[in-house]
Amino acid sequence: MDLIKGFRNVTYNDLQKELNRTFQRSGKSLPELAVSADLTSTAGVKNAFEYDEQKVSDKTLTSILGTVGLEAMVIWVNGERKYFISTKVNV
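Reading guide: rules and limits
- Residues numbered from 1 in each chain as written.
- Predicted model: local features only at pLDDT ≥ 70, side-chain atom pairs only at ≥ 80, totals over all residues.
- Heavy atoms only, no water.
- Helix = DSSP H or I, 4+ residues; strand = E, 2+ residues; numbered from the N terminus.
- Rg over C-alpha atoms; globule rule 2.2 N^0.38 Å.
- Buried < 20%, exposed > 50% of the residue type's maximum accessible area, 1.4 Å probe, protein only.
- Contact = heavy atoms within 4.5 Å.
- Areas by Shrake-Rupley, 256 points an atom, 1.4 Å probe, with all protein chains shown as cover.
- Core = buried A, V, L, I, M, F, W, Y, C linked by side-chain atoms within 4.5 Å.
- Salt bridge = Lys/Arg side-chain N within 4 Å of Asp/Glu carboxyl O.
- Axes fitted to C-alpha atoms, helices over the stretch in contact; angles between N-to-C directions.
- Parallel < 35°, antiparallel > 145°, perpendicular 65-115°, else oblique.
- Left-handed = near helix turned anticlockwise from the far one by under 90°.
- Nonpolar A, V, L, I, M, F, W, Y, C, P; charged D, E, K, R; others polar.

Undergrad: Please clarify how the overall build of the protein chain should be interpreted in this entry.
TA: In terms of regular secondary structure, the protein chain is built from four helices and three strands. Of the regular secondary structure in the protein chain, the N- to C-terminal order runs β-α-α-α-α-β-β. Compactness check: the protein chain gives a C-alpha radius of gyration of 13 Å against a globular reference of 12 Å for 91 residues, within 12% of the reference. Summarising its shape, the C-alpha atoms of the protein chain cover approximately 35 × 25 × 20 Å along the three principal directions. Counting over 91 residues, the protein chain shows a buried share of 38%. For the protein chain, the proportion of contacts with a sequence separation of at least 24, taken over those separated by at least 6, is 62%. Summed over all atoms, the accessible surface of the protein chain reaches about 5300 Å², with 47% contributed by carbon and sulfur.

Undergrad: Help me out: how do you make sense of the nonpolar core in this one?
TA: The nonpolar side chains of a soluble globular protein tend to be buried, and buried together. Ranked by internal contacts, the top residues of the largest apolar core, which has 22 residues, are Leu-15, Leu-19, Leu-61 and Leu-70. Apart from residues lying up to four places away in sequence, Leu-70 is in contact with Leu-15, Glu-18, Leu-19, Thr-22, Leu-65 and Val-89.

Undergrad: Honestly, the environment of Asp-52 in this entry has me stumped. Any pointers?
TA: Looking at the element boundaries, Asp-52 is found in the loop between helix 3 (42-48) and helix 4 (58-68). When the C-alpha atoms of Asp-52 and Gln-16 are compared, they prove to be 9.4 Å apart, with 36 residues separating the residues in sequence.

Undergrad: Can you walk me through the pattern of salt bridges in this structure?
TA: Side chains carrying opposite charge are able to pair once their charged atoms draw close together. This model, assessed by the stated rule, comprises six salt bridges. In this structure, Glu-18 engages Arg-25 in a salt bridge whose closest nitrogen and oxygen atoms are separated by 3.2 Å. Since its relative accessible area comes to 3%, Glu-18 is described here as buried. With its nearest N and O atoms 3.0 Å apart, the salt bridge here joins Asp-58 to Arg-81. Note that Asp-58 is positioned in helix 4 and Arg-81 in strand 3 (residues 80-86), a separation of 23 residues in sequence. By relative accessible area, which is 30% here, Arg-81 ends up partly exposed. The network of salt bridges with shared partners includes Glu-18, Arg-21 and Arg-25.

Undergrad: Help me out: how do you make sense of the packing of helix 1 (residues 12-26) against helix 4 in this one?
TA: Relative orientation and spacing of two packed helices are given, respectively, by the angle between their axes and the distance between those axes. Contact geometry for helix 1 and helix 4: axes closest at 10 Å, N-to-C directions at 40 degrees. The angle between helix 1 and helix 4 places the two elements in the oblique class. Helix 4 is crossed by helix 1, and the crossing has left-handed handedness. Side by side, helix 1 and helix 4 meet where Tyr-12, Leu-15, Gln-16, Leu-19, Thr-22 and Phe-23 of the first sit next to Leu-61, Ile-64, Leu-65 and Val-68 of the second. Looking at the contact of helix 1 with helix 4 residue by residue, the class counts come to eight nonpolar, two polar and no charged.

Printed below as a string of structure tokens:
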């Protein structure tokens, strides 16, 4: 289900896998990422990397995605959270 041109719908786990890969390539530490994402602690960053379910707010998650440079977004469609990654990213 692709609702947005240039982006494809992915599972939360696929989003997390790419977030982890992008974070590793960024060379940032967890504290650096927290500061760059305007978070007050590294706990929010650590929780954003959990695979089972989203444990941080959409705002926190999208801030982290943007900070590491991953073109992705979280939107709600008919009361259900959906994750989208740019089609430029190979998941």
